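# Observations on the model geometry
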Amino acid sequence: MNANHGYFYCFGCHEKGDVFTFVMKLENISFPEAIRVVATKSGIPLPKREFNSPEEAREAGVRRQLIDIHEAATQYFEAHLKSPEAARAREYLTGRGVTAETIAKFRIGYAPDDFNDMRDRLKPHFSEDAMRASGLFSSKEQADGKQGQLYARFRKRITFPIANEQGKTIAFTARALDSDEKSGPKYMNSPETALYTKGQVLFNLDKAKADMRANDFALLVEGQMDCISVYMAGIRNVLATSGTAFTEMQVRLLSRFTKRVVVNFDPDQAGANAAEKSIALLTEEDFEVKVIALDGGLDPDRYVREHGIQAYMAALRTAKRHSDYLIDRARQLFPGRTSDAKVKAMNFLLPHIRRMPNRIHRDEFAADAAQKLGIDSAIMRQELKQAAAQRVESVRSHQQDPASVAERILLRALVLPEHDDARILAVEQLSNHPEWYDGLPAAPVLEALSHAPVPPNPLDAAPDQQTRTLLALALQQHDDHGDSGSNANQSMPEQVENALHTLERRRLEHRQREVRSLMAEADRRSDQAMLTQLTAEKLQIDRKLRQF
């Protein structure tokens, strides 16, 4: 850095530029954010922002007050941790190996067992709107429908501030000291506010981002105490999901700093499920993912305290590839060497294989799974390989593929007489939604039959020998009662309606995967307009899928 001329040059990567470029690259932030950072550090006031409406100005003012009120609350809790009332809290923290240095670094505090004290101390400095919007207080609805007086949400709890990327407190997690029913949940979190959306925040990102970039990987743990213990022991590139499910927004946030992640969630069932979901989201965005399984079923916090940081670092160095972890998990969930157990294990793995964007990686995962599951049949190996290549969700088991059953039901409906209710329903929906059957083996004959009268010999509607054979099999299976199960007790119009729903759901799920991929690409290009459009489409798809 040349301070006199106001520019920098890196002899390693040959990057160069002015102070704003330097801050943008160092902090991985946008140009406007870099201006604010430089101005703040230099003590230079920025020009007042102009707002498009009084409402927009009011909201910006409330957000500024929310930042200030959370800072005031952090200082309030910090001070109360030193009070006589907080003796039990200090004893608990000491028992968990939390040092004075850790308390200061993470600004851990204590919320006193008092409904009114914090409100009364903050009231002279903040507006009623800001206090109600902060999530730090609660109130009860009165008989006239209005909200009553505010009282402290967090009481008799150890408080852990949750900071944004710039290190400003935006929310809290608070741990109860008592375990009785009156004390409420063990951990209580701030509600979502104008500052805080839990699915868009990663605990400790503000402290970890530089080390994540320097080491080119992030260690992802489940709880804040896990994160704090590991960080203070010397592994600084550690983040926590704060006990919430990992989200796509958090994945995109993480991708700004690294594309390599080591996952170390709790070893219980909930932790295993969370690990699987996190792996799925990360691999879909082309992250390199590894997983730690600690000896003795311990969480990271306890493991570091009982075995030391060197043992934990050794476990970190021997983290499994996510594919090896998932194969071991499949064998654990579906033990045995029977054909049925192997199919169930494969169907557990296939969604994870499908999500991998790279064809070579999918093939390697599939081949490794077949070998480790002891799949000797050449036919089964080929089916697994094809499923991985085509990125489908499952392979054939004793049950029939729902999409295949739906095709057969619709083919049979489309050859019924013109006035039949089942045929009318099938023709109307398939004509309006050709995208529902796009890509299915029966697509050509479904299109032909839904756009023209049925010929005297229905098989003549098939445009080629392959679809002619498929139609013949569908009609033959109906005559032989080939499609059994829940369809047997349904009327034909009901069967058609269910089949159409199956195809619609299949199409929505396919588009959902496409949108996720496009969102990742738009995020990489910093195309905010496209990202907003795709996010809106994904939310609409998610709502529709929840209706099924």
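Bear in mind the structure is a predicted one, so any value in this text is a computation, not a measurement. (Residues numbered from 1 in each chain as written. Predicted model: local features only at pLDDT ≥ 70, side-chain atom pairs only at ≥ 80, totals over all residues. Heavy atoms only, no water.)

### Topic: the overall build of the protein
What the protein contains, in helices and strands, is 23 helices and 13 strands. Within the protein, the fraction of its 548 residues that count as buried is 43%. Excluding contacts between residues fewer than 6 apart, the proportion of contacts in the protein whose partners are at least 24 apart in sequence is 64%. Per element, the accessible surface of the protein, about 29200 Å² overall, is 50% carbon and sulfur. (Helix = DSSP H or I, 4+ residues; strand = E, 2+ residues; numbered from the N terminus. Buried < 20%, exposed > 50% of the residue type's maximum accessible area, 1.4 Å probe, protein only. Contact = heavy atoms within 4.5 Å. Areas by Shrake-Rupley, 256 points an atom, 1.4 Å probe, with all protein chains shown as cover.)

### Quick notes on the nonpolar core
Among the nonpolar cores identified, the biggest contains 59 residues, and L219, I292 and Y312 are the most heavily contacted of them. Considering each element in turn, this core owes the most residues, six residues, to helix α3 (residues 54-80). Dropping the residues within four chain positions of it, Y312 is found in contact with L219, V221, V230, I235, N264, I292, L294, P300, Y303 and V304. One finds V291, F348, I353 and F365 within the second-largest nonpolar core, a separate group that totals 41 residues. (Core = buried A, V, L, I, M, F, W, Y, C linked by side-chain atoms within 4.5 Å.)

### What about the pattern of salt bridges?
Throughout the structure, instances matching the rule amount to 29 salt bridges. Note that K320 and D328 form a salt bridge whose closest N and O atoms lie 2.6 Å from each other. Of the charged contacts in the structure, one is a salt bridge between R359 and D363, with a shortest N-O distance of 3.4 Å. Of the two residues, R359 and D363 both sit in helix α16 (residues 359-372), four residues apart, roughly one turn of that helix. Under the relative-accessibility criterion, R359 is labelled partly exposed at 45%. On the basis of relative accessible area, D363 is assigned to the partly exposed category, the value being 23%. One salt-bridge network, in which partners are shared between bridges, spans E248, E284, R516, K538 and D542. (Salt bridge = Lys/Arg side-chain N within 4 Å of Asp/Glu carboxyl O.)

### Focus on unusual backbone geometry
Look at R107: it is not a glycine, yet its phi comes out positive at around 55°. When you line up the elements, R107 lands in the loop between α5 (100-106) and β3 (109-111). Backbone geometry places D286, a non-glycine residue, at a positive phi of 65°. Looking at where D286 falls in the secondary structure, it is placed in the loop between α11 (269-284) and β12 (288-291). Assessed through its relative accessible area of 45%, D286 is described here as partly exposed.

### Some details on the pairing of strand β9 (residues 218-221)
Taking every second residue as pointing to the same face, both faces of β9 are buried, with A218 and L220 on one and L219 and V221 on the other. Two strands pair when backbone bridges link them, and β9 and strand β11 (residues 260-264) are joined in this way by four bridges, in the parallel orientation. Note that in β11 the partner of L220 across the bridge is V263. Sheet analysis places β9 next to strand β10 (residues 238-240), joined by three bridges and oriented parallel. (Pairing = 2+ DSSP bridges.)

### With respect to the packing of helix α19 (residues 421-432) against helix α22 (residues 492-524)
Interhelical geometry of α19 versus α22 gives an angle of 20° and a closest axis separation of 8 Å. On the basis of their axis angle, the class for α19 and α22 is roughly parallel. α22 is crossed by α19, and the crossing has right-handed handedness. Within the contact between the two elements, α19 uses D421, A422, L425, A426, Q429 and L430 and α22 uses M492, P493, V496, E497 and L500. A class-by-class count of the residues in the contact of α19 with α22 yields eight nonpolar, one polar and two charged. (Axes fitted to C-alpha atoms, helices over the stretch in contact; angles between N-to-C directions. Parallel < 35°, antiparallel > 145°, perpendicular 65-115°, else oblique. Left-handed = near helix turned anticlockwise from the far one by under 90°. Nonpolar A, V, L, I, M, F, W, Y, C, P; charged D, E, K, R; others polar.)

### Comments concerning the sheet that holds β10
Strand order in the open sheet made by the five strands is β10-β9-β11-β12-β13, with mixed pairing throughout. One side of each edge strand has no neighbouring strand; the edge strands of this open sheet are β10 and β13 (320-321). Relative to β12, α11 is tilted by about 160°, and along the sheet it contacts β11 and β12.

### Side note on the pairing of strand β6 (residues 157-163)
Counting buried positions along β6 yields seven of seven residues, so the element is predominantly enclosed. Covered by surrounding structure in β6 are R157, T159, P161 and A163 together with I158, F160 and I162, the residues of both alternating faces. Looking at chain direction, β3 and β6 are connected through three bridges and run antiparallel. In the sheet register, G109 faces β6, and the bridge partner there is T159. As defined by bridge partners, β6 adjoins strand β7 (residues 169-176) across seven bridges and the pair is classed as antiparallel. Opposite T159, over in β7, you have A174 as the bridge partner. Between β6 and β7, which follow one another and run antiparallel, lie five residues, and G167 among them has a positive phi close to 90°.

### Describing the sheet that holds β7
The strand order across the open sheet built from four strands is β3-β6-β7-β8, with neighbouring strands paired in antiparallel fashion. The sheet is open, and its two borders are formed by β3 and β8 (187-189), each paired with just one other strand. The mean angle between the axes of side-by-side strands here comes to 35°, regardless of whether they run parallel or antiparallel.

### Quick notes on the environment of P161
Turning to its location among the elements, P161 is positioned in strand β6. Overall, the relative accessible area of 10% leaves P161 in the buried class. The spacing of P161 and T173 is 12 residues in sequence and 6.5 Å in space, taken between C-alpha atoms. Once you skip the residues sitting within four places of it in the chain, P161 turns out to touch T74, F106, R107, I108, T169, A171, F172 and F203.

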